[in-house]
Amino acid sequence: MTSKKELLKFFFGFQRPYLKYAVGAGLLLLLFELLQLPMPFITRYLIDKVIPSGDFGLLHLFCGILLGVIVIKQLSAYFMRVLFVYYKGNIHTDLEKSMYLHLQELPLSFFQRNPPGYLMSRISEIASADSLMADTLLMIMKDILSLSVGVTAILYLDFKIGLMSLAALPFFVYSIKHFHKRLNAVNRQHYEANAQYA
């Protein structure tokens, strides 16, 4: 049976030529998340200091800063998705091409043992493979950065409330680990049933 380490090494071979897209998307994601950090502080200062002072020049300045941050965030998110689509699409194409070429080299006895519907169902599971390599990776990075930015902001604004919020984190991590194996088992059963009835 193929180990997880061997599977990761196998999939990384498809990722390697397109890592530049992943790195670019990662950097834009980092920029997007870092721009989240000053937003609550700018908003608080705007409400607590600028508006009560009646200084319209300063108000216009802060509104311009907020608008600029929002525009940069949206642009970074757009180009991040563009790079990510290139990254995911190329991996998906290479995986399908590799599988089809491999199938053409198999002996006739293999196709006699495995019906065409079963094989086509397995090939369609490539979408899940590139989703694992691309979507999951991006979501993990996004969640880690969002958590880091959020925790930093909360602890700075109110240290006690920040600690209270972090107290729930271990339960969240436990729930993910607890249900992860069950979800994987259900997914495997679903794919196998789909392949059998294809």
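Here, every reference points to the structure presented above.
Being a predicted model, the structure only gives us computed values, none of them experimental. The residue numbers shown here count from 1 along each chain, following its written sequence. The predicted nature of this model means local features are confined to residues of pLDDT at least 70 and side-chain atom pairs, given and counted, to a pLDDT of 80 or more, with totals for whole chains, interfaces and linings taken over all residues. As a rule here, side-chain values come from all non-hydrogen atoms in the structure, and water together with hydrogens is ignored.

Visitor: Requested: an account of the overall build of the protein chain, with residues and values cited.
Guide: Counting from the N terminus, the helices are DSSP H or I runs at least four residues long and the strands are E runs at least two residues long. Check the secondary structure of the protein chain and you find 9 helices and 0 strands. Helices and strands appear in the protein chain in the N-to-C order α-α-α-α-α-α-α-α-α. Think of it in three bands: residues with accessible area under 20% of the maximum for their type are buried, residues over 50% are exposed, and the middle band is partly exposed, with areas taken using a 1.4 Å probe on protein chains only. Going through the 198 residues of the protein chain one by one, you find that 22% of them count as buried. For this analysis, residues touch if any pair of their heavy atoms sits within 4.5 Å. Once local pairs closer than 6 in sequence are excluded, the contacts in the protein chain between residues at least 24 apart make up 79%. Accessible surface area values rest on a Shrake-Rupley calculation with a 1.4 Å probe, where residue burial reflects the displayed protein chains alone. For the protein chain, the exposed area adds up to about 14,100 Å²; of that, 70% sits on carbon and sulfur atoms.

Visitor: Now, about the side chain of Glu 33: what can you tell me, with residues and values included?
Guide: Within the secondary structure, Glu 33 is located in helix H2 (residues 19-34). Ignoring any residue separated from it by four or fewer positions in sequence, one finds Glu 33 in contact with Lys 142, Leu 145, Ser 146 and Val 149.

Visitor: How would you explain a nonpolar patch on the surface if you had to name every residue and give the values?
Guide: Think of a patch as exposed residues, more than 30% relative accessible area, with no salt bridge, where like charges cluster within 9 Å and nonpolar side chains (Val, Leu, Ile, Met, Phe, Trp, Tyr) cluster within 5 Å. Salt bridge, as used here, is a side-chain nitrogen of Lys or Arg placed within 4 Å of a carboxyl oxygen of Asp or Glu. Taken together, the side chains of Leu 67, Val 71, Leu 75, Tyr 78 and Phe 79 make up a nonpolar region of the molecular surface, amounting to roughly 510 Å² of accessible area. Mapped onto the elements of the fold, Leu 75 is located in helix H4 (residues 56-104).

Visitor: An account of H4 is needed here, citing residue identities and associated values.
Guide: Expected span of a helix: the number of residues minus one, times 1.5 Å. Its 49 residues give H4 an end-to-end C-alpha distance of 72 Å, which sits within 8% of 72 Å, the value for a rise of 1.5 Å per residue. Every buried residue of H4 is listed here: Phe 62, Leu 66, Val 69, Lys 73, Ser 76, Ala 77, Met 80, Phe 84, Tyr 87, Ile 91, Leu 95 and Leu 103.

Visitor: Provide a residue-level description of the side chain of Ser 76, including the pertinent values.
Guide: The residue Ser 76 is located in helix H4 in this model. Residue class for Ser 76 comes out buried when judged on its relative accessible area of 4%. Within 3.5 Å is the distance limit for a polar contact, defined as a pair of N or O atoms, with the added protein rule that one can donate a hydrogen and the other accept it, and that residues adjacent in sequence qualify only through two side-chain atoms. Looking at Ser 76, its side chain comes within polar contact range of the main-chain oxygen of Lys 73, at 2.7 Å.

Visitor: Explain the packing of helix H3 (residues 38-53) against H4 to me, using residue names and the numbers behind them.
Guide: Every axis in this analysis is a line fitted to C-alpha atoms, fitted for helices over the stretch in contact. Angles between the N-to-C directions lie between 0 and 180 degrees. Two numbers describe how H3 lies on H4: the axes approach to 11 Å, and their chain directions differ by 165°. Comparing their axes, H4 and H3 come out roughly antiparallel. Our pair here, H3 against H4, has a crossing hand that is left-handed. Between H3 and H4, the contacting residues are Met 39, Ile 42, Thr 43, Tyr 45, Leu 46, Val 50 and Ile 51 on the first element and Leu 58, Leu 59, Phe 62, Ile 65, Leu 66, Val 69 and Ile 70 on the second. Under this grouping Gly is polar, as are all residues other than the nonpolar Ala, Val, Leu, Ile, Met, Phe, Trp, Tyr, Cys and Pro and the charged Asp, Glu, Lys and Arg. Residues that form the contact of H3 with H4 fall into these classes: 13 nonpolar, 1 polar and no charged. Throughout, the term roughly parallel applies to angles under 35 degrees, roughly antiparallel to angles over 145, roughly perpendicular to angles from 65 to 115, and oblique to all others. In this scheme the crossing of two helices becomes right-handed for a clockwise turn of the near helix relative to the far one and left-handed for an anticlockwise turn of less than a right angle.

Visitor: Could you give me a rundown of the packing of H2 against H4, with the residues and numbers involved?
Guide: Where H2 meets H4, the closest approach of the two axes is 8 Å, and the angle between their N-to-C directions is 155°. Judged on the interaxial angle alone, H4 and H2 are roughly antiparallel. The way H2 lies across H4 gives a crossing that is left-handed. From H2, Tyr 21, Ala 22, Gly 24, Ala 25, Leu 28, Leu 29, Leu 31 and Phe 32 reach across to H4, where they touch Ile 72, Lys 73, Ser 76, Ala 77, Phe 79, Met 80, Leu 83, Phe 84, Tyr 86, Tyr 87 and Asn 90. Per-class residue counts for the contact of H2 with H4 are 15 nonpolar, 3 polar and 1 charged.

Visitor: Tell me about the packing of aromatic side chains, residues and numbers included.
Guide: Aromatic rings from Phe, Tyr and Trp, with only the six-membered ring used for Trp, were paired whenever their centres fell within 6.5 Å, and each pair was classed as stacked if the ring planes differed by under 30 degrees, edge-to-face if by over 60, and tilted otherwise. Across all of its chains, the model carries 4 aromatic pairs by this definition. Summarising the aromatic geometry, the rings of Phe 84 and Tyr 87 are spaced 6.3 Å apart at their centres and angled 45° between planes, so their arrangement reads as tilted. Here Phe 84 and its partner Tyr 87 are both found in helix H4, 3 residues apart, which amounts to about one turn of the helix. Each member of the pair, Phe 84 as well as Tyr 87, carries the same accessibility label: buried. Both a distance and an angle decide whether a charge sits over a ring: NZ of Lys or CZ of Arg must be within 6 Å of the ring centre and within 35 degrees of the ring normal. Stacked on the ring of Phe 32, the Lys or Arg Lys 73 has its end atom at 5.3 Å from the ring centre.

Visitor: Describe in detail the nonpolar core, supporting the description with residues and values.
Guide: Throughout this description, the term nonpolar core refers to a set of buried Ala, Val, Leu, Ile, Met, Phe, Trp, Tyr and Cys residues connected via side-chain atoms within 4.5 Å. By size, the foremost hydrophobic cluster in this structure holds 12 residues: Phe 11, Phe 14, Tyr 18, Ala 22, Ala 25, Leu 29, Met 80, Phe 84, Tyr 87, Ile 91, Leu 95 and Leu 138. Secondary-structure elements contributing two or more residues to this core are helix H1 (4-15), H2 and H4. By residue number, the principal contributor to this core is H4, which donates 5 residues. Every residue in contact with Leu 29, bar those within four places of it in the chain, is listed here: Met 80, Leu 138, Met 141, Lys 142 and Leu 145. Grouped together as the second largest cluster of nonpolar side chains are 8 residues, Leu 35, Ile 42, Leu 46 and Val 69 included.

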